[in-house]
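Now for the letters of each chain:
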Amino acid sequence: MTASTRPDSIHARRPVDRDARPIVDIRGLHKTFHQQGPWPWSPRREVLAVQGVEFTVQPGEVVALVGQSGSGKTTVSRIVLGLEEPTRGEVRLEGQPWSGVAESARRGRRVHYQYVPQDAMGALDPQQTAHEHVIETLTVLGGLSSAEARDKAGEMLDRLGLGARLHALPREMSGGEQRRVTLARVLALDPRLVVADEPTSGLDPDRRESVLEALIGNLPPDAGCILVTHDMTEARGWCHRVLAMLAGRVIEEVDLAVAEPVHPYARILFDPWSAPVPRGPLATSGCPFCPDCALAVDGLELRCRADVPSLNPFPDGGPAHRVACHALAPDPQSS
Ligand code: SF4
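Residues numbered from 1 in each chain as written. Predicted model: local features only at pLDDT ≥ 70, side-chain atom pairs only at ≥ 80, totals over all residues.

### Quick look at the sheet that holds strand β1 (residues 24–36)
Overall, antiparallel pairing links the four strands, which are arranged β2-β1-β4-β5 in an open sheet. Edge positions in the sheet fall to β2 (44–57) and β5 (96–97), since each of these pairs with one other strand and no more. Note that β1 and β2 share eleven bridges and pair antiparallel. The residue bridging H34 from the neighbouring strand is E46, located in β2. Against the sheet, helix α2 (residues 73–80) makes contact with β1, β2 and β4 (88–93), and its axis sits at roughly 120° relative to β1, the strand it touches most. (Pairing = 2+ DSSP bridges. Helix = DSSP H or I, 4+ residues; strand = E, 2+ residues; numbered from the N terminus. Contact = placed C-beta atoms within 7 Å. Axes fitted to C-alpha atoms, helices over the stretch in contact; angles between N-to-C directions.)

### A word on the packing of helix α7 (residues 175–187) against helix α8 (residues 205–217)
Two numbers describe a pair of packed helices, the interaxial angle and the distance between the axes. As a packed pair, α7 and α8 sit with axes 10 Å apart at the nearest point and diverge in direction by 15°. Judged by the angle between their axes, α7 and α8 are roughly parallel. Pair α7 / α8 crosses with right-handed handedness. Here α7 contributes G175, G176, R179, R180 and L183 to the contact with α8, which in turn contributes R207, S210, V211, A214 and L215. (Parallel < 35°, antiparallel > 145°, perpendicular 65-115°, else oblique. Left-handed = near helix turned anticlockwise from the far one by under 90°.)

### Thoughts on the site of the ligand
In the vicinity of the ligand, 13 residues are found, and the nearest of them are C287, C293, L295, C304 and C325. Among the residues making up the shell around the ligand, the classes are represented as twelve nonpolar, one polar and no charged. (Near = placed C-beta within 6 Å. Nonpolar A, V, L, I, M, F, W, Y, C, P; charged D, E, K, R; others polar.)

### Digging into unusual backbone geometry
Positive phi outside glycine occurs at E198, with the angle close to 45°. Looking at the element boundaries, E198 is found in the loop between β7 (193–197) and α8. E198 gets classed as partly exposed once you count the C-beta atoms within 10 Å, which come to 19. For D298, which is not a glycine, the phi torsion comes out positive at approximately 50°. With respect to the helices and strands, the residue D298 is situated in the loop between α10 (264–270) and α11 (299–306). (Buried ≥ 20, exposed ≤ 12 C-beta atoms within 10 Å, placed from the backbone.)

### Section: the pairing of β1
Regular strands have side chains that alternate between both faces of the sheet. In the sheet, β1 pairs with β4 via five bridges, with the strands oriented antiparallel. By the bridge assignment, H30 is partnered in β4 with R88.

### Some thoughts on the sheet that holds strand β11 (residues 312–313)
Taken in spatial order, the eight strands line up as β6-β7-β8-β3-β9-β10-β12-β11 in an open sheet, and their pairing is mixed. Every other strand in the sheet has two partners, leaving β6 (113–116) and β11 as the edge strands with one partner each. One ladder, built from five bridges, connects β7 with strand β8 (residues 224–229); its direction is parallel. Each bridged residue has a counterpart across the sheet, and for V194 the counterpart in β8 is C225. Against the sheet, α2 touches β3 (62–66), β7, β8 and β9 (241–246), its axis set at about 150° to β8.

Purely spatial values, then, with no claim about function.
Here is the structure:
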């Protein structure tokens, strides 16, 4: 039995509709920030936070964005939700333009695209109970009557294991319970897309599992999900596809049920015992991983220093396996 057909695998639990219109369709995404130095006379410098990112999320699919701090994964997720505008490129949600659209035109659609914040405590009102949080979301955003919202909120909290905690205030809850209240608010709206930004950060392994079970186990069947994480165990256990990011670019896309990462940087991310995660400066031209890469030797090193590798199919039979590396997946047009 392959990993993809195990009854407990994410593929078995959440079938993906590959033929349907994507929930998220991102093309040629770039984002540049301008940063001022510490003094008024300091020059402003450009920070290329996202460079040429492209991917889709299909109905039913959970896609992980993984990478270290500063890799661009949070910026991508904020652009998907319309909290940042791209400098270039396009985001379409359910076939409709989303980036570059006036906020007045997006407002009616926002309820379908929900965000799970990393800081659950900061997202909760200290004066409101678990039940009141979800009721408020359903009346204000979901348009339900108070009676309908009360019933639906109670049902959702019960499904997430908080049936006995309806009247608890945030300070009376554990970290895992606070996360599940933020999830209940999002899931009660029957979203089409959920973007979860490190929803388990700071929790112990058991609580992490229960939070992800609550999130992914209660997503509507045809909804999409983007899970931003730096925990590779989560990506492996709960996601159909993983996009590993470095210096604002996707350097590998892989379905971990059928293939393992091959990019030397992605391999370190997934197996930090194999080598230390590089802490030194990344290259600013060519492949950003070049200063630490053991594959960039002999004649290849010059190319790695000069040319940014594009994301090309990796020939291991995995249908969605692509890697950005001159050594592992040379650009077909250059060979
Ligand atoms: S492109 Fe070159 S430097 Fe970058 S990962 Fe591949 S071999 Fe290493």
